[in-house]
2 protein chains.
Amino acid sequence: MTKKIFLNESEMPRQWYNIVADMPNKPLPPLHPGTKQPVGPEDLAPLFPMELIKQEVSADRYVDIPDQVRDIYRIWRPSPLFRATGLEKLLDAPVKIYYKYEGVSPSGSHKPNTAVPQAYYNMQEGVKKITTETGAGQWGTALSFACQQFGIECDVYMVKISYDQKPYRKIMMNTFGANVYASPSNRTQAGRNILAQDPNSTGSLGIAISEAIEMAAQDPHTKYALGSVLNHVLMHQTIIGQEAEKQLEIAGDFPDVVIAPLGGGSNFAGIAFPFLRHNLMHGKNVRAVAVEPASCPKLTKGKFMYDFGDTAGYTPLLPMYTLGHNFRPAAIHAGGLRYHGASVLCSQLLKDGLIEAQALQQLECFEAGVTFAKAEGIIPAPEATHAIAQVIREANMAKLEGKPRTILFNMCGHGFVDMQAYADYFDGKLNNHEFTEEELFGNLPEIDALQPTA
Amino acid sequence: MTKKIFLNESEMPRQWYNIVADMPNKPLPPLHPGTKQPVGPEDLAPLFPMELIKQEVSADRYVDIPDQVRDIYRIWRPSPLFRATGLEKLLDAPVKIYYKYEGVSPSGSHKPNTAVPQAYYNMQEGVKKITTETGAGQWGTALSFACQQFGIECDVYMVKISYDQKPYRKIMMNTFGANVYASPSNRTQAGRNILAQDPNSTGSLGIAISEAIEMAAQDPHTKYALGSVLNHVLMHQTIIGQEAEKQLEIAGDFPDVVIAPLGGGSNFAGIAFPFLRHNLMHGKNVRAVAVEPASCPKLTKGKFMYDFGDTAGYTPLLPMYTLGHNFRPAAIHAGGLRYHGASVLCSQLLKDGLIEAQALQQLECFEAGVTFAKAEGIIPAPEATHAIAQVIREANMAKLEGKPRTILFNMCGHGFVDMQAYADYFDGKLNNHEFTEEELFGNLPEIDALQPTA
């Protein structure tokens, strides 16, 4: 049995897949917070290059990947598909387990899959600088690398607590040539407002987004980039699942279940959407399971409603499962999963019963991560451990029910830069988290106009 | 042009290459420090399993790789060969540059190539525990992973300054199930002696080796493992160069120069020895360049003589280029290159003019590392930057001389766990190092009996 399945560079997909084309219920439009009317391209133009805006609203099933993007993808793509032989042996259940490994990328996660095309389209339209936010640092590192490839300056607003506690990611961004600022900063009105209220604020992803957007909006040569949530970002990630399809074909296999962590949704969309296409178009019945942390349970406990994507309320209103844009997730180590909302596309699919959601506690996830490291030789990022924990649950269920199944999951990144999380786990410093009703729902916006109309 | 060249798992080499078979002057024997007579298998038996002792003294050209070892190698092998398209474009010199990337392994470096067979042979002979030393942590991580695969307990003595300053590596070892002790420790006589002299000792690789050896020597079910220097360790690494040979054949190429960093010698041997075979057996003329840090210049400024491999003098006397077993290298960030001697095989080859050596300052190396990260998207380990700096020198030389050349180097590991080194570089905290004569030669043993006889 082959442990790893590679594709040649010539077999790399030439198009991204846009699931909007095949959704039975199309996503509701983003609304302008002032007018409550659908936003148009002109509303988004200060922040994004026109080509990305077109992709954001496109209903075309496939979008061509530019040659210059494919050329840079070749640094790490096609990424390997692994058969989890070590984990299968350990679990002793009637399952075949495959994982797509995105940790081979320059930043060690799936994020460069969208960072590279985003930087490319900005370069094409003459943009000189891109601003963005980053939490744990995965997205900021990916965009720093991508901007470097196209000679674009990159300013990253990094959530202050990560800036202070996870210096390695900051240095990686510097190595790829980016400027990194602790957020909230004094560089923006949004940052100054927060600091006036709380000079010791440790920041949040929502605040950092506000700062990056504010800087981009002020300068015609500066644009903004987002690492998840938006339709075009999710679409760029579908190269993952499309490669996995081809690799599983080589293995003579097809998944019964596809599993991925969900923070904003791009990781999950990347591997799951190309397989959901088989459901939507060819009557297949692949289960797609999005795994979120129990400490930020927007899919399983949030409300489907219009809400802002950031804290300051600069973004359009998005129709999504949300815990409220002022929701403060508990401090858990899977920084990439600590976002208050889920992407519009994933939210609509969940609402329509086309995907499943599962919330898991972090102690179960870290235990799964250590098991995986020992069995497979790869230490997973804390985000990735959420998928692994669900894989183990599926395997145990298969054993209990006596129903064999083939599982595919997105091993979205390695944990080399997250070892402090494992140290805290070993030292017994991590806890599970149970919310009170007030904590969970106290932040939901109370504005009626934010509700989608029937 | 293909960016990456992969081999199928079925194309993985089935034998290691033992250069001893082809050396014109065979290496001098290790001597017992008491009797000054060549050591026999019985002298080594307390520390190593018999199969490794046989390999250590073997003159067979090829040694079969056991199936169970190849099975674990498949987690990351065959490793990719990259064409450095980004770096080539930047350097604009008449060179083709290829690099073999060993950062895809479980520990992120080439070290598991020997850790896995060492653990395997120990398991075969019923060993329950393996002790070892580690400096920056690469070797300890590799052995932790390997022991985990075969159910062997692993005790790692980690140089105290790294234990304190580089906690990530320690946690990786814990994740793979190993016990890690700061060295010097109170667990051994060697450690207690050092602490009695200097309670604040920050340790050294030589001291940690002494501690690990002492623990292994006391217990019949415990053996010791070394991550470099010894003949069998170098041989295990030759899978790197053998794969590169096949991959370059696919590319229709053959190197004029092979470059690798040299700490103990296994990294360099791994990629260079299979190409030196073409010189020794087929009249080829491949240049092999070993790059050492200017702060630990045993190849370029050391003496060829018998010396101990460790600080306490527990090892046999080895005929090698050395700066003296009490030499304290300056604190540089390439921890894997801070060893006082070079392996017997590399030393003999250098003495016979069959390989070249080059000492480089760390500022030039880090500059090269940042250049490489931006051009190729992989942040290199500080050790690997030494090879990259030399590659850039070769490219500039080729341009100056108008003589095209094909360069292959060992990109022996990624720098994800070494970002503090880059931070210190960016912050201007790193310096070059010039030695006084006294500093360089003040530590050479003065015992005549340590000299090799003519």
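Residues numbered from 1 in each chain as written. Chains lettered and ligands numbered in written order. Predicted model: local features only at pLDDT ≥ 70, side-chain atom pairs only at ≥ 80, totals over all residues. Heavy atoms only, no water.

K.L.:
Looking at this structure, how should I read the sheet that holds strand 8 (residues 179-183) of chain B?
P.N.:
Two orientations exist for strands paired in a sheet by backbone hydrogen bonds: parallel and antiparallel. Residues and elements named next belong to chain B. Spatially, 8-7-6-9 is the arrangement adopted by the 4 strands of the open sheet, whose pairing is parallel. Looking at strand neighbours, the two that pair on one side only are strand 8 and strand 9 (222-224), the edges of this open sheet. Between one strand axis and the next, the sheet turns through 25° on average, direction left out of account. Helix 6 (residues 138-150) rests against strand 6 (129-134) and strand 7 (153-159) of the sheet, and its axis sits at about 165° to strand 6. (Pairing = 2+ DSSP bridges. Helix = DSSP H or I, 4+ residues; strand = E, 2+ residues; numbered from the N terminus. Axes fitted to C-alpha atoms, helices over the stretch in contact; angles between N-to-C directions. Contact = heavy atoms within 4.5 Å.)

K.L.:
Before we go on, may I ask you to explain helix 17 (residues 419-426) of chain B in this structure?
P.N.:
Among the residues of helix 17 of chain B, those classed as buried are M419, A421, Y422, A423 and D424 of chain B. On the buried face of helix 17 of chain B, the contacting elements are helix 8 (167-175) of chain A together with helix 15 (362-376) and helix 16 (382-401) of chain B. (Buried < 20%, exposed > 50% of the residue type's maximum accessible area, 1.4 Å probe, protein only.)

K.L.:
Hey, could you run me through the interface of chain B and chain A in this one?
P.N.:
Often the size quoted for an interface is simply the accessible area lost on bringing the parts together. The interface is formed by 40 residues belonging to chain B together with 40 residues belonging to chain A. Taken together, both faces of the contact between chain B and chain A bury some 3,500 Å²; the carbon and sulfur share is 65%. Taken together, the connections running from chain B to chain A amount to 2 salt bridges. Put simply, E9 of chain B and K4 of chain A hold a salt bridge, and the shortest N to O gap is 3.1 Å. Linking chain B with chain A are 10 residue pairs in polar contact (both at pLDDT 80 or more), by the criterion used here. Secondary-structure elements contributing two or more residues to the side of chain B that touches chain A are helix 6, helix 8 (167-175), helix 15 and helix 17 of chain B. Broken down by class, the residue content of the side of chain B that touches chain A amounts to 21 nonpolar, 11 polar and 8 charged. (Buried area = accessible area lost by both parts, 1.4 Å probe. Salt bridge = Lys/Arg side-chain N within 4 Å of Asp/Glu carboxyl O. Polar contact = N/O pair within 3.5 Å; in protein donor to acceptor, adjacent residues only side chain to side chain. Nonpolar A, V, L, I, M, F, W, Y, C, P; charged D, E, K, R; others polar.)

K.L.:
Looking at this model, I keep getting lost on the environment of G191 of chain A. Mind explaining?
P.N.:
All names here are of chain A. For G191, the location among the structural elements is in helix 9 (residues 189-197). Through-space distance from the C-alpha of G191 to that of A208 is 8.1 Å; in sequence the pair is 17 residues apart. Look past the residues within four positions of G191 in its chain and what remains in contact with it is P184, S185 and E211.

K.L.:
Got a minute to help me understand the side chain of K3 of chain B in this structure?
P.N.:
All names here are of chain B. Of note, K3 is situated in the segment before strand 1 (4-5). Taking the relative accessible area as the measure of exposure, K3 reaches 3% and is therefore buried. A distance of 2.9 Å separates the side chain of K3 from the side chain of T85, its partner in a polar contact.

K.L.:
Would you mind going over the relation of the copies chain B and chain A with me for this structure?
P.N.:
The operation relating the two chain copies consists of a rotation about an axis and a shift along that axis. Once chain B is rotated about the relating axis by 180° and shifted along it by 0.0 Å, it coincides with chain A to within an RMSD of 0.0 Å. The symmetry that links the two subunits is that of a two-fold axis. A share of 100% of interface residues in chain B that are also interface residues in chain A marks the association as one of identical surfaces. (Least-squares fit on C-alpha atoms with pLDDT ≥ 70 in both.)

K.L.:
For this particular structure, what's the right way to read helix 11 (residues 231-251) of chain A?
P.N.:
Every α-helical turn comprises 3.6 residues, leaving residues that sit three or four positions apart pointing alike. Residues and elements named next belong to chain A. Relative to the 30 Å expected for 21 residues at 1.5 Å per residue, helix 11 spans 31 Å between its end C-alpha atoms, a close match to the ideal helical length. The largest bend along helix 11 reaches roughly 30° and is located at Q237. Counted residue by residue, helix 11 has 17 buried out of 21 residues, so it is predominantly covered. (Expected span 1.5 Å × (residues − 1). Bend = angle between axes of the 7 residues up to and from the residue.)

K.L.:
When you look at the nonpolar core in this model, what are you seeing that I'm missing?
P.N.:
In globular proteins that are soluble, nonpolar side chains generally tend to be buried together. Residues F268 and F273 of chain A together with F268 and F273 of chain B are the most contacted members of the largest nonpolar core, which totals 166 residues. The residues contacting F273 of chain A, other than those within four sequence positions of it, are Y17, I19, L234, T238, F268, L345, C346 and L349 of chain A. (Core = buried A, V, L, I, M, F, W, Y, C linked by side-chain atoms within 4.5 Å.)

K.L.:
Even after reading the chapter, I still don't get the sheet that holds strand 5 (residues 95-101) of chain A, so can you show me in this structure?
P.N.:
Residues and elements named next belong to chain A. On the basis of which strands lie adjacent, the open sheet formed by 7 strands has the order 1-4-5-15-10-11-14 and mixed pairing. In this open sheet, the two strands that pair with only one neighbour each are strand 1 (4-5) and strand 14 (356-360). Here helix 11 sits on the sheet in contact with strand 1, strand 4 (81-83), strand 5 and strand 15 (405-411), set at roughly 135° to strand 5.

K.L.:
Just to check I follow, could you spell out the packing of aromatic side chains for this structure?
P.N.:
Think of a pair of aromatic rings as described by two things: how far the centres are apart, and how the planes are tilted against each other in angle. The final tally for this structure, using the stated rule, is 41 aromatic pairs over all chains. Between F145 of chain B and F176 of chain B the ring centres are 5.6 Å apart and the planes differ by 65°, which places this aromatic pair in the edge-to-face class. Taken together, the residues span a long stretch of sequence, with F145 of chain B in helix 6 and F176 of chain B in the loop between helix 8 and strand 8 at a distance of 31 residues. Considered together, F145 of chain B and F176 of chain B belong to a single accessibility category, that of buried residues. Grouped by ring-pair contacts, the aromatic residues F82, Y99, Y101, F372 and F409 of chain A constitute a single cluster. Above the ring of F254 of chain A, the side-chain terminus of K284 of chain A is found at 4.4 Å from the ring centroid. (Phe/Tyr/Trp six-rings, centres within 6.5 Å; stacked < 30°, edge-to-face > 60°. Lys NZ or Arg CZ within 6 Å of the ring centre and 35° of its normal.)

K.L.:
How should I be thinking about the pairing of strand 7 of chain B in this particular structure?
P.N.:
Each regular strand displays side chains that alternate between the two surfaces of the sheet. Residues and elements named next belong to chain B. Of all 7 residues that make up strand 7, 6 are buried, and the element is covered over most of its length. Where strand 6 lies against strand 7, 6 bridges are found, and the strand directions are parallel. Residue E133 lies in a different strand from strand 7, and its bridge partner there is Y157. Direction of pairing for strand 7 relative to strand 8: parallel, over a ladder of 5 bridges. In the strand pairing of strand 8, V156 is matched with V180.

K.L.:
Quick question: what am I supposed to make of unusual backbone geometry here?
P.N.:
For residues besides glycine, phi is generally negative; the peptide bonds are generally trans as well. Residue P78 of chain A follows R77 of chain A across a cis peptide bond; omega there is -10°. Relative to the helices and strands, P78 of chain A is located in the loop between helix 3 (67-73) and strand 4. Following S183 of chain B, the chain continues to P184 of chain B via a peptide bond in cis, the omega torsion being 10°. Here P184 of chain B is to be found in the loop between strand 8 and helix 9 (189-197). Despite not being glycine, K36 of chain A shows a phi value in the positive range, around 60°. Looking at the element boundaries, K36 of chain A is found in the loop between strand 2 (15-17) and helix 1 (41-44). With a phi angle near 70°, V229 of chain A is a residue other than glycine that sits in the positive phi range. On the secondary structure map, V229 of chain A appears in the loop between strand 9 (222-224) and helix 11.

K.L.:
Quick question: what am I supposed to make of the confidence of the model for chain A here?
P.N.:
Residue-level pLDDT values for chain A average 94, and 98% of them are 70 or greater. Model confidence for the complex is summarised by a pTM of 0.95, with the ipTM given as 0.94. (pLDDT = per-residue confidence, 0-100.)

K.L.:
Hey, could you run me through the packing of helix 2 (residues 50-57) of chain B against helix 5 (residues 112-124) of chain B in this one?
P.N.:
The packing of two helices is summarised by the inter-axis angle and the distance between the axes. Residue and element names in this part refer to chain B. Where helix 2 contacts helix 5, the two axes come as close as 8 Å, and the packing angle between them is 130°. Considered as vectors, helix 2 and helix 5 are oriented oblique to each other. Of the residues in helix 5, those in contact with E51, L52 and Q55 of helix 2 are Q118, Y121 and N122. Classifying every residue of the contact of helix 2 with helix 5 by side-chain character gives 2 nonpolar, 3 polar and 1 charged. (Parallel < 35°, antiparallel > 145°, perpendicular 65-115°, else oblique.)

K.L.:
What should I look at first to understand the pattern of salt bridges in this one?
P.N.:
It is possible for side chains of opposite charge to pair when their charged atoms get near one another. Residue and element names in this part refer to chain A. According to the stated counting rule, one finds 39 salt bridges over all chains in the structure shown. When the shortest N-O distance is used, the salt bridge between D164 and K160 registers 3.0 Å. With D164 and K160 both in helix 7 (residues 160-165) and 4 residues apart, this pair spans about one turn of that helix. We classify K160 as partly exposed; its relative accessible area is 30%. Note that E401 is salt-bridged to R405, the shortest N-O span being 2.9 Å. For E401, a relative accessible area of 41% gives the class partly exposed. One network of salt bridges, in which partners are shared, links R287, E356, E394, E401 and R405.

K.L.:
Just to check I follow, could you spell out the side chain of S109 of chain A for this structure?
P.N.:
Residues and elements named next belong to chain A. With respect to the helices and strands, S109 occurs in the loop between strand 5 and helix 5 (112-124). A polar contact of 3.1 Å, which involves the side chain of S109, links it to the backbone nitrogen of K111. Apart from residues no more than four positions distant in its own chain, S109 is found in contact with E102, G103, Q138, C412 and G413.

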